[in-house]
Amino acid sequence: MKVIVASLNPAKLDAARQALALLFPEYPPDIAGMAVPSGVAAQPMSDEETRRGARNRALAAQRQAPEADVWIGMEGGIDRVAGCTLTFAWLQVLGPGLDNAARSASLTLPAVVAEALARGEELGDAMDRLFRLTNCKQQGGAIGVLTGNLLDRRSVYRDTLLLALAPLISPAAYALPATQTSR
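Parameters and conventions
Residues numbered from 1 in each chain as written. Predicted model: local features only at pLDDT ≥ 70, side-chain atom pairs only at ≥ 80, totals over all residues. Heavy atoms only, no water. Axes fitted to C-alpha atoms, helices over the stretch in contact; angles between N-to-C directions. Helix = DSSP H or I, 4+ residues; strand = E, 2+ residues; numbered from the N terminus. Parallel < 35°, antiparallel > 145°, perpendicular 65-115°, else oblique. Left-handed = near helix turned anticlockwise from the far one by under 90°. Contact = heavy atoms within 4.5 Å. Nonpolar A, V, L, I, M, F, W, Y, C, P; charged D, E, K, R; others polar. Polar contact = N/O pair within 3.5 Å; in protein donor to acceptor, adjacent residues only side chain to side chain.

A.B. asks: Even after reading the chapter, I still don't get the packing of helix H3 (residues 111-118) against helix H4 (residues 123-131), so can you show me in this structure?
C.D. replies: For any two helices packed against each other, the geometry is given by the interaxial angle and the distance between the axes. Following both chains from N to C, one finds H3 and H4 inclined at 130°, their axes separated by 10 Å at the closest point. Between H3 and H4, the angle is such that the two are oblique. In terms of crossing hand, the pair formed by H3 and H4 is right-handed. Residue-level contacts link Val112, Val113, Ala116 and Leu117 of H3 to Leu123, Ala126, Met127, Arg129, Leu130 and Phe131 of H4. A class-by-class count of the residues in the contact of H3 with H4 yields nine nonpolar, no polar and one charged.

Structure below.
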């Protein structure tokens, strides 16, 4: 199986490799990265914009590499909910009979980071500057920094990708017709 991840970010590629190795331990897929546009802001600032960016990336990869079997778009984003600034990701998967997305867990960002984002700084750049790091978004990300590496971007994206791949993992359940009951 040939899989295209719509990114060249090592953390995203590693997350896809880990998830697919769990899913196909005996026949690991051929995974390649590809730089494609998201069609959204460099730092998406809403749940909807982030979801759209992940879908746009998967669709762009599908157009550029139609010979692949599965295309994966991953987009990290920011949203404000109840006065908190959260970071999270949306992952979109496309393939024959497969068009599904999943949202990751959310992490509340410290006020100093939220203020940098409100001034227009991207999360990775703000984390690098504030915590004296270099290119953290291609490593553990804000998740790794703020959880003391108990979690990191790879692990959260890996788990979210498995959620997005649920229709591939349990196709019979997703093929069942929806039923409507009245009470």
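A.B. asks: Is there a simple way to think about the packing of helix H1 (residues 10-23) against helix H6 (residues 153-164) in this case?
C.D. replies: Between H1 and H6, the least distance of the axes is 8 Å, while the angle of their chain directions is 45°. Compared by their axis directions, H1 and H6 come out oblique. When the axes of H1 and H6 are compared, the crossing they make is right-handed. Residues Pro10, Ala11, Lys12, Asp14, Ala15, Ala16, Gln18, Ala19 and Leu22 of H1 form the contact with H6, whose participating residues are Arg153, Arg154, Tyr157, Arg158, Leu161 and Leu162. In terms of residue class, the contact of H1 with H6 is made up of nine nonpolar, one polar and five charged.

A.B. asks: So what exactly am I meant to see when it comes to the environment of threonine 87 here?
C.D. replies: Within the secondary structure layout, threonine 87 lies in strand E4 (residues 84-95). As for threonine 87 and methionine 45, which are separated by 42 residues in sequence, their C-alpha atoms are 9.2 Å apart. With sequence-adjacent residues up to four places away left out, threonine 87 is seen in contact with Gly77, Ile78, Ala105, Ser106, Leu107, Leu109 and Leu123. In terms of polar contacts, threonine 87 uses its side chain to reach the backbone carbonyl oxygen of glycine 77, at 3.2 Å.

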